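An overview of the molecular structure
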Amino acid sequence: MLSDWQFIALFAVIAIIFPGAPLMMASLINPKKPNPIKQQTYECGMETVGDTWIQFKVQYYIFALIFVVFDLEAVFLFPIASAFDQLTLFAIFEVVLFVVILLVALGYAWRRGALEWF
Amino acid sequence: MSFNIIDFLESVLTLSIADYLRDVWAGDMPNWLIEVIIDVVGILIVSTFLLILTLYLVLILRKVLARVQDRIGPNRVGGRYGLLQTVADAIKLITKEDLIPSGADKLAFNLAPIITVIAALLMWAVIPFAPGLTGADINVGVFYVLAISSVSVVALLMAGWGSNNKYALLGAFRAVAQLVSYEVPMIMALIIPILLASSMSTQTIVESQSVWYIVVVPLSALIFIISAMAELGQTPFDLLEAESEIVAGYHIEYSGMKFALFFLAEFINAFFMSALFTTMYLGGWRGPGAAAYPLLGLIYFMIKTFLVYLFLIWVRGTLPRVRIDQLLYFNWKFLVPLVLTLILVVAVVAKLIPPDANEWLQAGILLVVNILLAVTALEFVRRYARSRRQAVEDDAESLGGAASALSGAAD
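Residues numbered from 1 in each chain as written. Chains lettered and ligands numbered in written order. Predicted model: local features only at pLDDT ≥ 70, side-chain atom pairs only at ≥ 80, totals over all residues.

1. A word on the overall build of chain B
Counting its secondary structure elements, chain B contains 15 helices and two strands. Put simply, of all contacts in chain B between residues at least 6 apart along the chain, 74% involve residues at least 24 apart. (Helix = DSSP H or I, 4+ residues; strand = E, 2+ residues; numbered from the N terminus. Contact = placed C-beta atoms within 7 Å.)

2. Let's talk about the overall build of chain A
When you go through chain A residue by residue, the secondary structure sums to four helices and zero strands. Listing each helix as α and each strand as β along chain A from the N terminus yields α-α-α-α. The C-alpha atoms of chain A give a radius of gyration of 25 Å, which is well past the 13 Å a tight globule of 118 residues would have. Here the C-alpha coordinates of chain A stretch approximately 70 × 50 × 15 Å along the principal axes. With 118 residues in all, chain A has 17% of them scored as buried. (Rg over C-alpha atoms; globule rule 2.2 N^0.38 Å. Buried ≥ 20, exposed ≤ 12 C-beta atoms within 10 Å, placed from the backbone.)

3. Some remarks on the nonpolar core
Residue and element names in this part refer to chain B. Formed by 135 residues in total, the largest nonpolar core has its most connected members in A172, I191, L195, F277, V339 and I343. It is helix 7 (residues 166-197) that provides the largest number of residues to this core, a total of 24 residues. Not counting chain neighbours up to four residues away, the residues in contact with V339 comprise P185, M188, A189 and I223. (Core = buried A, V, L, I, M, F, W, Y, C linked by C-beta atoms within 7 Å.)

4. Looking at the interface of chain A and chain B
Listed per partner, the contact involves 56 residues of chain A and 66 residues of chain B. Within the residue set of the side of chain A that touches chain B, elements represented by two or more residues are helix 1 (2-15), helix 2 (17-29), helix 3 (58-82) and helix 4 (89-111) of chain A. For the side of chain A that touches chain B, the leading source of residues is helix 1 of chain A, giving 11 residues. Its residues assigned to classes, the side of chain A that touches chain B shows 40 nonpolar, 10 polar and six charged. (Nonpolar A, V, L, I, M, F, W, Y, C, P; charged D, E, K, R; others polar.)

5. Considerations on the environment of B:S198
Residue and element names in this part refer to chain B. By the secondary structure assignment, S198 is in the loop between helix 7 and helix 8 (202-207). The exposure class of S198 is partly exposed, given the 17 C-beta atoms found within 10 Å. Sequence separation between S198 and S208 is 10 residues, and the spatial gap between their C-alpha atoms is 9.2 Å.

Listed below in structure tokens is the structure:
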């Protein structure tokens, strides 16, 4: 078991080489002639107007919040699923109750219009 | 034991090189060093294989898409099949100037492509290529895959935010909304094979598929492949890099090798999703004779993975792009409730079947349940669509009535 995690740790270290080496190679042989016009933001040839880093449409954040709820639910469901063969029928009904509560929450978000896109 | 070329080749054929090398080196080196060397060699083989494979995945994509669109595709560089086209492209990308826009957040901008590639490579650590041939057969394999694949979302946001470009930012926001939303049905769909195999280890899931899970729970497989396509940003769901709307999305400002790294990660991810689908639903390396000859298992695994990859390209060549509201509605109002119901139904039904029943009988019952659920869901959608259409028609009728009344008044 430990050797498996050692493999993953080694993989994580070595995986840095694979994007790193071509970047190094490219930085050795590619031309470097920057000028202000070349480094302008590319937006269809126009000069860019206004700040890019602004407050953005709130809808995206609402979906992110709903996602957090369901991701947490998944974290609880995974251990249950991997112990499925040892569960009794009663335990399964508790899981059903758990998922139904979350379905109700989804229905609530739906009713409140959190899933609408304006 | 000393090194012997014939034994070495035999160990290559039975895919037990690691055990062979352990035997050969035992005594010459400390044990931990042997393990580290074997691990490093394995990692290098898998990663290099993936990088070289990517060149040909791109070529396959271009060739098949060309055929779908009644073209020929690349046919000049490297013979009439264009076999060296993507190699030439890669060399071209290396020699291109690396532009950094003046307003960019340099740290985020430079780090993003590196992180995407690392995440794309790391996921391969738990894929079971053949019997006994897994990088790391950890007991939380599927969970590990999901954890690593979420890292690429952060990299996309870094790329879009760091570029200081409005199209890039818009692309990154779309990407995050889409990837984060479709991660829910993908995770939930994967719970079902885990539940049937009662394990998160990928190798155990493959071993428990004496009946392939695509036959047992086809609805889960369908939901998984749809949300995997969305996770990959493939054509029906390619809003995050829609060329005709936001130029290229989050990687608009990238040039040269950094752009190539994003491209690389995209194709490795597409192939990874095919491999994951094969592992979870198509029985992985399973096939006639695979348990006795591991090499056959590797071949079966590759054939199945390539078939799934071709299926993805086929879908990509066929369907038009959806709108962002349609994309999110489809996810939250259809896929998520459906997959949650499926988990409930499969959990209860699988528990109600007596465990000593024939495995084909169990599979048959679950298959029938899946089909029933799919038909019910489609019937719901059909009724809803009909009521919507009826409402639109009624509106048009009353509008038409008003219009004729108006024209009557004008006379």
